[in-house]
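Each chain is listed here by its residues.
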Amino acid sequence: MSIDADVAPRAGGEPSVPTDGRVLLLAGPGDSTDIVANFLASRVPDLVVVMESPSSRLRTARRRARREGWLSAVGQVLFRVLLQPILRRHGARRRAAILAAASLDVTHRPPH
């Protein structure tokens, strides 16, 4: 049985989410995962969420340094440490407005 056979097209031509059977969501931790998981859980009876562990930041920085050079890797680390928290705080109100306007559920779903 193929996935395409179980997905009926909507009026606009987009496929709808299957409403029977098991759906597996493989993702990393974060709000976007919670939004997708909650959307799917409201539409399919048997949702299984498998959460991957993120790799360590040190390991990621070393891998980037090997691939792109130390200067580039240091710049990325500094961005994450210094600027990303400021940008996250600055955009928090707008993010909350978008989530509310779209009626998105960011409630954390524990993985299976």
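You'll find the structure just up there.
Below you will find a few notes about this structure. Quantities reported herein were computed from a predicted structural model and do not represent experimental measurements. (Residues numbered from 1 in each chain as written. Predicted model: local features only at pLDDT ≥ 70, side-chain atom pairs only at ≥ 80, totals over all residues. Heavy atoms only, no water.)

Examining the layout of surface pockets
The line we're drawing: Grid points spaced at 1 Å and placed over the protein atoms alone form the basis of the search, with a cavity being a set where a 1.4 Å probe fits but cannot get out and a pocket an open set showing protein on both sides within 12 Å along at least five of seven lines. Lining residues have an atom within 4 Å of a point. Grid points are joined across faces, edges and corners, and a volume is the space filled by probe spheres set on the points. Under the DSSP-based scheme used, a helix requires at least four consecutive residues in state H or I and a strand at least two consecutive residues in state E, with every element numbered from the N terminus. In the scheme used here, Gly and all other residues not listed as nonpolar or charged are polar, with Ala, Val, Leu, Ile, Met, Phe, Trp, Tyr, Cys and Pro taken as nonpolar and Asp, Glu, Lys and Arg as charged.
Its boundaries defined by the atoms lining it, the largest pocket holds a volume of some 250 Å³. In terms of lining residues, the largest pocket is bounded by Pro54, Ser55, Ser56, Arg57, Thr60, Ala61, Arg64, Ala73, Gln76, Val77, Arg80 and Val81. Broken down by secondary-structure element, the contributors of at least two residues to the lining of the largest pocket are α3 (57-68) and α4 (70-90). Residue contributions to the lining of the largest pocket peak at five residues, all from α4. Along the lines of polarity and charge, the residues of the lining of the largest pocket split into five nonpolar, four polar and three charged.

Quick look at the pairing of strand β2 (residues 46-51)
Two faces make up the sheet, and in a regular strand the side chains alternate between them. As a reminder of what qualifies: A strand pair is defined by DSSP finding two or more bridges across the two strands. By convention, a crossover is right-handed whenever its connection, traced from the first strand over the helix to the second and viewed with the strands pointing away, goes clockwise.
Of the pairings in the sheet, the one linking strand β1 (residues 22-27) to β2 comprises six bridges and is parallel in character. Within β2, the position partnered with Leu24 by the bridge is Val48. One crossover worth recording links β1 to the parallel β2 by way of helix α2 (residues 31-41), and it is right-handed.

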